[in-house]
Number of protein chains: 2
Amino acid sequence: MTRLSKSISRAVIGLTLGGASVAAFAFQPLPDKAPEPADNPGTAAKIELGKQLYFDPRLSLDGTVSCNSCHNVMASGTDNKATSAGVAGKHGGRSAPTVWNSAFLSVQFWDGRANTLEDQAKGPILNPVEMAMPSEQAVIDRLQKIPGYVSQFEAVFGKDGLTYDNVAKAIGAFERVLITPNGPLDRYLKGDKSALTAQAQRGMQAFEQVGCVACHNGANFSGPQLPVGQGFYQRFPSFSSQYDKKYQLTADEGRFEATKKEADKHMWRVPTLRNVALTAPYFHNGAVKTLDEAVRVMAKAQLSKDLTEQQVADIVAFLNSLTGEFPQIAMPRLPDTPNSSLVD
Amino acid sequence: MTRLSKSISRAVIGLTLGGASVAAFAFQPLPDKAPEPADNPGTAAKIELGKQLYFDPRLSLDGTVSCNSCHNVMASGTDNKATSAGVAGKHGGRSAPTVWNSAFLSVQFWDGRANTLEDQAKGPILNPVEMAMPSEQAVIDRLQKIPGYVSQFEAVFGKDGLTYDNVAKAIGAFERVLITPNGPLDRYLKGDKSALTAQAQRGMQAFEQVGCVACHNGANFSGPQLPVGQGFYQRFPSFSSQYDKKYQLTADEGRFEATKKEADKHMWRVPTLRNVALTAPYFHNGAVKTLDEAVRVMAKAQLSKDLTEQQVADIVAFLNSLTGEFPQIAMPRLPDTPNSSLVD
């Protein structure tokens, strides 16, 4: 167990033991670095390769969609659309989660069906309504024709380094550095009491007292930092309300669709609230366009509470304090295929 | 007339007077800076604003297509596809020209229907098969809802600065810095005789002797640097050949489609050859996938010549020496719309 996860566990224990008075335990600044798997250490060359792959639309069937198309690192790490457009204008059924700080999640995708960033990266490339490549081999065959990738994979992973696993490792290594520390709450927690407005501080109290913090805790506000592969799930909605129909909250059966286990019906990975002010529209189907309405829906659907408008506004102010500092990133140069084109 | 355009005019005069022996006049290194219009000087703040707009998919109807989607500055300045995918997977009929060094062109688009980068930038945003915004006003209405744009437009252009003209000015100012100097030919011309391989030097001679240089001259290899708004056009194909049918070279009537003047049938702006090794597939319809075939087609269609395979290979080697140095660019941060989404 890393020092990081130990301290987070302590925080969660604190929460469990202390009830409503444990804010000091539950809130933690976002670390500058994310946990790193032993089998995929991030080196500068690997991260640079992963960045190129992340931005390269040639990883999609028709050369139009990259990872960044739906998880835009120049913005919120999402496309801010209810559902994303894949190749040929196709749409899936779930809203793109933010890539920022996703390295702190112990499982990936809305339904937790991938354990790691690396496993996650393999999915959309082959998904018929996303990047739509027909097979792992088709991805490798294409990248094999790009000399600048062949040489980089060899330099980073050794000879015969251009494999689908290593494509995923490079992308995962890049995503692992997409961290946004030092938001207002982080600075507040580190001692700068002027970093939060009075309203945001009221919102922080409401966030605890209403009970949001029961699930949205830990440095990433996505629950306790569990071992990789162990998801922190909650049923959504937990309570029936007018919002079920209004926002079609139950049409998608959540984790059940991946596991086919009855107990997983409408279970979802608790999403991060880091940068949540920037990642509208909200929920797995992107049906709710504004953060204030998302707060109302969550209070009702998860806690069976009707908030006052003051509580909603205060909590929104607090959630805005979770917007972090986005690092400046140099654009990658995508390796070329001199004298010919690769994708029709 | 700037010092730059004077020196280019001298080069063209030299070419006209001197016939086949004028290589020393015709070939020129690419300047580090492009000519700048008096009414749109590039300031750091304006260029930064233009970069944000260039990368912002919210300039398209459904929030999926940015200028960069088809003119990818992380790569060749094109999408390396025959025709580009606009919103909802729609395709136009012409191949996206490279944005790199487009600031040296005196007219824009394949058919020269825009005089300036600024005029050009206004087109695709409203084109129904590209970014598909319904009107200039719709663009302004959308940007008006993004506080970070409103404040930047005001800072750069003054109060009430958020206008469609100023959107175009900011994008044009950004595009004007997308220059790739110091390629092998440039270094050769500046005195580094080792910068060109022997084959590339043979190709340079063939490029002159075959006659390519008659149109592809000037620092940008797109013809003489004419006053802004005055295009350098040629008929393509000039000679009928087997390629007309094979690559459907005459289906599109070129500049005629914009002007409806008989004399403009199959007239096209002479495109730059800078970075041409990276911008496959070739021609207005992107029908030719490789540079060697493009060289064969051009020799036949424009000069009625059948090149030897050695000549083709040599000219391709020379054209590869026109690949320049791409500047490192910091990714923009796209201004956000806190607590709500803008595009469904």
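Owing to the predicted nature of the structure, the values given are computational and were not obtained by experimental measurement.

(A) Inspection of the overall build of chain A at higher detail. From N to C terminus, chain A includes 14 helices and two strands. The C-alpha atoms of chain A give a radius of gyration of 21 Å, which matches the 20 Å a tight globule of 344 residues would have. In terms of overall dimensions, chain A has C-alpha extents of about 65 × 45 × 35 Å along its principal axes. Going through the 344 residues of chain A one by one, you find that 52% of them count as buried.

(B) Representation of the domain arrangement of chain A in the model. Residue and element names in this part refer to chain A. Per the domain assignment, the segments of chain A are domain 1 (3-30 + 180-320) and domain 2 (44-175). Taking only C-alpha atoms, the centre of domain 1 and the centre of domain 2 are 27 Å apart. Of all elements in the fold, only α12 (256-259) and β2 (267-269) reach the threshold of two or more residues within the side of domain 1 that touches domain 2. Grouping the constituent residues of the side of domain 1 that touches domain 2 by class yields 14 nonpolar, 14 polar and five charged.

(C) Up close: the interface of chain B and chain A. Residue-level contacts link 40 residues of chain B with 40 residues of chain A. Those elements that provide at least two residues to the side of chain B that touches chain A are α13 (291-303) and α14 (309-320) of chain B. Here the residues of the side of chain B that touches chain A sort into 21 nonpolar, eleven polar and eight charged.

(D) Representation of the relation of the copies chain B and chain A. By a simple turn and slide, chain B fits onto chain A: the slide is 0.0 Å along the axis, the RMSD is 0.0 Å, and the turn is 180°. In the structure described here, the two chain copies are related by an operation that fits a two-fold rotation axis. A shared interface surface links the copies, since 100% of the contact residues of chain B are contact residues in chain A too.

(E) Summary view of the nonpolar core. Residues A170(A), I171(A), A170(B) and I171(B) are the most contacted members of the largest nonpolar core, which totals 84 residues. A170(B) has contacts with K46(B), L49(B), G50(B), L53(B) and V156(B), leaving out every residue within four places of it along the chain.

(F) Quick look at the confidence of the model for chain A. Residues and elements named next belong to chain A. When the pLDDT values of chain A are averaged, the result is 93; 93% of them are 70 or greater. Note on residues 1-25: pLDDT is under 50 here. Beyond four places in sequence and across chains, it has 31 contacts. Model confidence for the complex: the whole-complex pTM is 0.93, and ipTM, which rates the interface, is 0.92.

(G) Geometry of helix α10 (residues 198-210) of chain B. All names here are of chain B. The first and last C-alpha atoms of α10 sit 18 Å apart over 13 residues, in line with the 18 Å expected at 1.5 Å per residue. Of all the residues in α10, the buried ones are A200, G203, M204, A206, F207, E208 and V210. Following α10 by one or two positions, G211 has its phi on the positive side, about 115°.

(H) Examining the environment of P338(B) more closely. Looking at the element boundaries, P338(B) is found in the segment after α14. Residue P338(B) is classed as partly exposed on the basis of its C-beta count, with 14 C-beta atoms lying within 10 Å. Sequence-wise, P338(B) and I146(B) are 192 residues apart; in three dimensions their C-alpha atoms are separated by 8.9 Å. Look past the residues within four positions of P338(B) in its chain and what remains in contact with it is A277(A), L278(A) and N320(A).

(I) Quick look at the packing of α13(B) against α14(B). Residue and element names in this part refer to chain B. Two elements in contact, α13 and α14, have axes separated by 9 Å at closest approach and are oriented at 115°. Classified by the angle their axes make, α13 and α14 are roughly perpendicular. For the element pair α13 and α14, the recorded crossing hand is right-handed. Contacts between α13 and α14 involve L291, D292, V295 and R296 from the former and V312, I315, V316 and L319 from the latter. Looking at the contact of α13 with α14, its residues break down into six nonpolar, no polar and two charged.

(J) Local environment of the environment of A34(A). Residues and elements named next belong to chain A. The topology assignment puts A34 in the loop between α2 (23-26) and α3 (44-54). Sequence separation of A34 and I146 is 112 residues, and the distance between their C-alpha atoms is 31 Å. Non-local contacts of A34, meaning those with residues more than four positions away in its chain, are made with A103, F104, R176 and I179.

(K) Just the packing of α3(A) against helix α7 (residues 147-157) of chain A, in detail. All names here are of chain A. Packing of α3 against α7 leaves a shortest axis separation of 9 Å and a crossing angle of 145°. Crossing handedness for the pair α3 and α7: left-handed. Residues A45, K46 and L49 of α3 touch α7, and the partners they reach there are Q152, A155 and V156.

(L) Main features of helix α14 (residues 309-320) of chain A. All names here are of chain A. A rise of 1.5 Å per residue sets the reference length of α14, with its twelve residues, at 16 Å; its end C-alpha atoms lie 16 Å apart and thus fit the reference within 8%. Listed as buried for α14 are Q311, D314, I315, V316, A317, F318, L319 and N320. Contacts from the buried residues of α14 go to α10 (198-210) and α13 (291-303).

(M) Structural view of unusual backbone geometry. Omega for the bond connecting F236(A) with P237(A) falls within 30 degrees of zero, at -5°, which places this linkage in the cis form. Residue A280(B) is joined to P281(B) through a cis peptide bond whose omega torsion reads -5°. Tracing the sequence through the fold places P281(B) in the loop between β2 (267-269) and α13. Although it is not a glycine, D160(B) adopts a positive phi angle of roughly 60°. For D160(B), the position within the fold is in the loop between α7 (147-157) and α8 (164-175). In the Ramachandran plot, N275(B) falls in the positive-phi region, its phi being about 60° despite a non-glycine side chain. You can see N275(B) is positioned in the loop between β2 and α13. Residue class for N275(B) comes out buried when judged on the 23 C-beta atoms lying within 10 Å of it.

Thresholds applied
- Residues numbered from 1 in each chain as written.
- Chains lettered and ligands numbered in written order.
- Predicted model: local features only at pLDDT ≥ 70, side-chain atom pairs only at ≥ 80, totals over all residues.
- Helix = DSSP H or I, 4+ residues; strand = E, 2+ residues; numbered from the N terminus.
- Rg over C-alpha atoms; globule rule 2.2 N^0.38 Å.
- Buried ≥ 20, exposed ≤ 12 C-beta atoms within 10 Å, placed from the backbone.
- Domains from an automatic or database assignment.
- Nonpolar A, V, L, I, M, F, W, Y, C, P; charged D, E, K, R; others polar.
- Contact = placed C-beta atoms within 7 Å.
- Least-squares fit on C-alpha atoms with pLDDT ≥ 70 in both.
- Core = buried A, V, L, I, M, F, W, Y, C linked by C-beta atoms within 7 Å.
- pLDDT = per-residue confidence, 0-100.
- Expected span 1.5 Å × (residues − 1).
- Axes fitted to C-alpha atoms, helices over the stretch in contact; angles between N-to-C directions.
- Parallel < 35°, antiparallel > 145°, perpendicular 65-115°, else oblique.
- Left-handed = near helix turned anticlockwise from the far one by under 90°.

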